[in-house]
Amino acid sequence: MATDVDTPIVLPDDPGFGPEVQVDYPGYRSTRWRAPDRQLVSLPEEFHSLDGPVFGEDAVGELDHDLTRQHEGEPLGERIIVTGRLLDEDGRGIPNSLIEIWQANAGGRYRHEVDRHPAPLDPNFSGAGRCLTDAEGRWRFVTIKPGAYPWGNHENAWRPQHMHFSVFGRLFTQRLVTQMYFPGDPLLEFDPIAHAVRDPRARELMIARFDLDTTQPEWALAYRWDIVLGRLGPGTTPLENV
Ligand SMILES: [Fe+2]
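Residues numbered from 1 in each chain as written. Predicted model: local features only at pLDDT ≥ 70, side-chain atom pairs only at ≥ 80, totals over all residues. Heavy atoms only, no water.

Attention now goes to the pattern of salt bridges. On inspection of all chains with the given rule, the structure shows 11 salt bridges. Between Asp90 and Arg92 there is a salt bridge, with the nearest N and O atoms lying 3.3 Å from each other. No difference in accessibility class separates Asp90 from Arg92, as the two residues are exposed. A salt bridge links Arg109 to Asp115; the shortest N-O distance between them is 3.9 Å. Overall, the relative accessible area of 16% leaves Arg109 in the buried class. On the basis of relative accessibility, which here comes to 12%, the residue Asp115 falls in the buried class. The network of salt bridges with shared partners includes Asp88, Asp90 and Arg92. (Salt bridge = Lys/Arg side-chain N within 4 Å of Asp/Glu carboxyl O. Buried < 20%, exposed > 50% of the residue type's maximum accessible area, 1.4 Å probe, protein only.)

Across the 6 residues that make up strand 8 (residues 176-181), a large majority, 5, are buried. Where strand 7 (residues 162-167) and strand 8 come together, 6 bridges link them in antiparallel fashion. Residue pairing for strand 8: His164 is matched across the bridge by Gln179. (Helix = DSSP H or I, 4+ residues; strand = E, 2+ residues; numbered from the N terminus. Pairing = 2+ DSSP bridges.)

Here we take up the coordination of the iron ion. Of the protein atoms, only Tyr110 (OH), Tyr149 (OH), His162 (NE2) and His164 (NE2) coordinate the iron ion, at distances of 1.9 to 2.2 Å. Between the 4 donor atoms coordinating the iron ion, the angles at the centre fall across 92 to 161°, so the site counts as irregular. For the iron ion, all donor residues lie on one chain, and their spacing in sequence is Y-x38-Y-x12-H-x1-H. Here Tyr110, found in the loop between strand 2 (98-102) and strand 3 (128-132), pairs with His162, found in strand 7; they are 52 residues apart in sequence, far enough to count as distant. Both residues of the pair, Tyr110 and His162, belong to the buried class. (Donors = N, O, S within 2.8 Å, 3.2 Å for Na, K, Ca; no water. Tetrahedral: all angles 85-135°; square planar, octahedral: opposite > 155°, others 65-115°.)

Okay, the packing of aromatic side chains next. Applying the stated criterion across every chain, the model contains 8 aromatic pairs. Judged by centre distance (5.9 Å) and plane angle (50°), the rings of Trp139 and Phe141 are tilted. When its relative accessible area of 0% is taken as the criterion, Phe141 is described as buried. Between the aromatic rings of Phe182 and Tyr223, the centroid separation amounts to 5.0 Å while the plane-to-plane angle is 85°, which identifies the pairing as edge-to-face. Separated by 41 residues along the polypeptide, Phe182 in the loop between strand 8 and helix 2 (192-195) and Tyr223 in strand 10 (residues 221-224) bring together distant segments of the chain. An identical accessibility class is assigned to Phe182 and Tyr223; each is buried. Chaining the aromatic ring pairs together yields one cluster made of Trp139, Phe141, Phe165 and Trp225. Its guanidinium or amino end placed over the ring of Trp151, Arg159 lies 5.8 Å from that ring's centre, counting from NZ or CZ. We note Arg175 situated over the ring of Phe168; from NZ or CZ to the ring centre the distance is 4.1 Å. (Phe/Tyr/Trp six-rings, centres within 6.5 Å; stacked < 30°, edge-to-face > 60°. Lys NZ or Arg CZ within 6 Å of the ring centre and 35° of its normal.)

So, on to the layout of surface pockets. Computed from the structure, the second largest pocket encloses a volume of approximately 540 Å³. Around the second largest pocket, the lining comprises 27 residues; the ones closest to its centre are Trp102, Tyr110, Tyr149, Arg159 and His164. When contributions to the lining of the second largest pocket are tallied by element, the ones reaching two or more residues are helix 1 (31-34) and strand 5 (149-150). Of the residues contributing to the lining of the second largest pocket, the split by class is 10 nonpolar, 11 polar and 6 charged. (1 Å grid on protein atoms, 1.4 Å probe; cavity = no way out; pocket = protein on both sides within 12 Å on 5 of 7 lines; lining within 4 Å. Points joined across faces, edges and corners; volume = space filled by probe spheres on them. Nonpolar A, V, L, I, M, F, W, Y, C, P; charged D, E, K, R; others polar.)

Right, let's talk about empty space enclosed by the protein for a bit. Within the structure shown, the criterion is met by 2 cavities of 30 Å³ or more. Counted as a void, the largest cavity has a volume near 50 Å³. Gln103, Ala104, Asn105, Arg109, Tyr110, Arg111, Leu121, Asp122, Phe125, Ser126 and Gly127 together form the lining of the largest cavity. Split by residue class, the lining of the largest cavity holds 4 nonpolar, 4 polar and 3 charged.

The side chains of a regular strand alternate between both faces of the sheet. Across the 9 residues of strand 1 (residues 79-87), 8 count as buried, placing the element largely inside the fold. One ladder, built from 7 bridges, connects strand 1 with strand 4 (residues 138-144); its direction is antiparallel. Across the sheet, the residue bridging to Ile81 is Val142, located in strand 4. The pairing of strand 1 with strand 10 spans 4 bridges and is classified as parallel. Along strand 10, the bridge assignment pairs Thr83 with Arg224. Relative to strand 11 (residues 227-228), strand 1 runs parallel, the two sharing 2 bridges. Opposite Leu86, over in strand 11, you have Ile227 as the bridge partner.

Now the structure itself:
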């Protein structure tokens, strides 16, 4: 059954978020082509306990988590530490799980051939990293605060500062690709990608908090962001575009 923005698809089995959760969003143009155009199919219950891919420690290099030390010199920009825990729906840490990130540099430019934003590339910044969670589900990255960038979705469209996250979890149903935002960003309220997550409580779950305790004096500020994997619902971190 075809659909369009006037007849949005509603996600099934959505106890807390209700029918306002949609997978396409008129303000975010490309969701029109990316969103499913048929009603979603509920997975059999047994899928929820199927193991997902597991990655060994040898897959991750010693400096993969530190985006400021992957080149000869240091990248330009505001050095930050970003930490958190990877949790399941019951608040238990998910150990030994791969987390990957990618982001723009401090000038708001990706090292990618389709990025034509006229901001400089930084020879000391690739903008990609990864790490494994520890036994308690904790993870940590050191990076540069990404810059805002224009994206052409509509007149004068700018993305808020954000980091992309790809999380594997341990189960088939725990796969998550989403974005982390920074507190107090004035662009957040104008961003259709963030607002494609309709519920303001769910949007809040994508915003890190400033973390003075993890800040390192004379060296770097810190942000804290916990990621909760599981079925869509109150408390779980939303997918981007949903
Ligand atoms: Fe981005």
